[in-house]
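Coordinates in review
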Amino acid sequence: MTQIIRKIADLRALVRGWKAAGEVVGVVPTMGALHDGHLSLARAAKADCQRVIVTIFVNPKQFNNPDDLKQYPRTETADAALLQTVGVDVIFAPQPDEVYPDGFTSTVSVGGVSEPLEGRMRPGHFDGVATVVTKLFGMTMADRGYFGQKDWQQLQVVLRLVRDLNLPITIVGCETIREADGLAMSSRNSRLTPEGRAIAGVLYAAISTAAEDIRAGQSDRMAIREAAEKLRHAGFDRVEYIELRDAETLMPSDDTRRPRRMLAAAWLDEVRLIDNIPV
Ligand SMILES: Nc1ncnc2c1ncn2[C@@H]1O[C@H](COP(=O)(O)OP(=O)(O)OP(=O)(O)O)[C@@H](O)[C@H]1O
Ligand SMILES: CC(C)(CO)[C@@H](O)C(=O)[O-]
Ligand code: BAL
């Protein structure tokens, strides 16, 4: 039976018991409105760990856009039913004042990898993510943390955070789960209109073709320009960025000996879609 816990003290008491019994604890941090992408992380955690905690917390500190925070989908009852089917032990779903009580003033800020791309477009976003993730690791005392590659830059930020602060947790990056047309599953997809949803798969198709063309010898700049054209032609409202970067540092890179990643963000129906693939 999946248990819902809202208080940090209750969670810690339970986890202490598990740890005393020598059990490995996995955590899957989420903001809820769960889909198969999240469930794949929970399943990966179940495969590796004796105990699995899924956290559901719409973290106000990582939203730079108040409308985005207000409109963020909240579906806790359905989420709990889904997590029950995966055999998750605990849903930790605290209220904001449990996580950020009066007098809270600390911020965790990861340099370098947090700064470009999402960091530039969503000022303060990764400080909010790094702060809450550090707190969730502390609250859950988990041995392993599961994150999706869909949020590639976030995964690199978390890996850097754990290395820099010597946090006693192993981070596992899990593959992006996609809809049949290639669209990366995301809670925000539910805000697309039927017309928008019909063209949203072009984002993955366009960056996949660009990556193939680059591997075949086309210039990075030309391949990226063609991908952006395809998005505009399909009906995307705005392409925020399509960039080829070092996969770990997220800095511009033409060093083909190191892993590189193509990352993109584009607007459709006032929904901001992101995606990324290896090159
Ligand atoms: N399609 C997916 N495949 C694999 N992991 C995913 C996918 N979508 C989200 N995740 C991962 O699930 C975790 C929680 O993400 P989050 O709750 O923000 O969901 P989301 O669907 O990405 O929502 P958003 O609309 O905010 O992008 C993150 O580690 C994220 O990378
Ligand atoms: C990791 C996370 C749960 C932190 O709030 C969030 O950024 C997310 O859902 O990817
Ligand atoms: N999925 C990353 C969290 C966010 O977009 O705020």
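Our subject is the structure that appears above.
In this report, we go over the structure that sits alongside the text. Just so it is clear, the model here is predicted, and its values are computed rather than measured.

Listing the buried residues of helix H4 (residues 76–86) in full gives Asp79, Ala80, Leu83 and Val86. Looking down the long axis of H4, one finds its buried residues gathered within 115 degrees of arc, a one-sided arrangement. Opposite the buried face of H4, at more than 90 degrees from it, the exposed residues are Thr77 and Thr85. Summarising the contacts, the buried residues of H4 are in contact with strand E1 (3–5), helix H2 (36–48), strand E3 (51–56) and strand E4 (90–92). Of the residues flanking the end of H4, it is Gly87, one or two places downstream, whose phi is positive at about 85 degrees.

Read from one edge to the other, the open sheet built from 6 strands follows the order E1-E4-E3-E2-E5-E6, with strand pairing classed as parallel. The outermost strands of the open sheet, each flanked by one partner alone, are E1 and strand E6 (170–174). Here the average twist between neighbouring strands, direction ignored, is 25 degrees. Pairing of strand E5 (residues 144–148) with E6, which is carried by 5 bridges, proceeds in the parallel orientation. If you follow Gly148 over to E6, its bridge partner there is Cys174. Lying on the sheet, H2 is in contact with strand E2 (25–30), E3, E5 and E6; it crosses E5 at an angle near 155 degrees.

The subject of this paragraph is the sheet that holds strand E9 (residues 271–278). Taken in spatial order, the 3 strands make up an open sheet running E7-E8-E9, and their pairing is antiparallel. Both outer strands of the open sheet, strand E7 (238–246) and E9, are each paired with one neighbouring strand and no more. Each adjacent strand pair in this sheet contributes to an overall mean axis angle of 15 degrees, direction not counted. Pairing analysis gives 8 bridges linking E7 to strand E8 (residues 260–268), with the strands arranged antiparallel. For Glu243, the partnering residue across the bridge sits in E8 and is Leu263. In the packing of helix H10 (residues 202–215) onto the sheet, the strands contacted are E7, E8 and E9, and the crossing angle to E9 comes to about 30 degrees.

In this section: the packing of helix H7 (residues 125–140) against helix H8 (residues 152–164). With their axes 10 Å apart at the nearest point, H7 and H8 run at an angle of 55 degrees to one another. The angle between the axes of H7 and H8 places the two elements in the oblique class. Of the two elements, H7 crosses H8, and the hand of that crossing is right-handed. Only Gln153, Gln154, Val157, Val158, Leu161 and Val162 of H8 make contact with H7, whose side of the interface consists of Phe126, Val129, Ala130, Val133, Thr134 and Phe137. Tallied by class, residues from the contact of H7 with H8 come to 9 nonpolar, 3 polar and no charged.

Around ligand 3, the neighbouring residues are Met31, Gln62, Arg122, His125, Asp151, Gln154 and Arg188. One of the side-chain N or O atoms of Arg122 is found 3.0 Å from an oxygen atom in ligand 3. A per-class count over the shell around ligand 3 returns 1 nonpolar, 3 polar and 3 charged.

For the rest of this paragraph, the subject is the environment of Trp152. Tracing the backbone shows Trp152 in helix H8. In sequence terms Trp152 and Asn276 are 124 residues apart; their C-alpha atoms lie 6.9 Å from each other. Leave out the neighbours within four places in its chain, and Trp152 touches Ala247, Leu250, Arg261, Leu263 and Asn276.

What counts and what doesn't
Residues numbered from 1 in each chain as written. Chains lettered and ligands numbered in written order. Predicted model: local features only at pLDDT ≥ 70, side-chain atom pairs only at ≥ 80, totals over all residues. Heavy atoms only, no water. Buried < 20%, exposed > 50% of the residue type's maximum accessible area, 1.4 Å probe, protein only. Helix = DSSP H or I, 4+ residues; strand = E, 2+ residues; numbered from the N terminus. Arc of directions from axis to C-beta. Contact = heavy atoms within 4.5 Å. Pairing = 2+ DSSP bridges. Axes fitted to C-alpha atoms, helices over the stretch in contact; angles between N-to-C directions. Parallel < 35°, antiparallel > 145°, perpendicular 65-115°, else oblique. Left-handed = near helix turned anticlockwise from the far one by under 90°. Nonpolar A, V, L, I, M, F, W, Y, C, P; charged D, E, K, R; others polar. Near = heavy atom within 4 Å. Polar contact = N/O pair within 3.5 Å; in protein donor to acceptor, adjacent residues only side chain to side chain.

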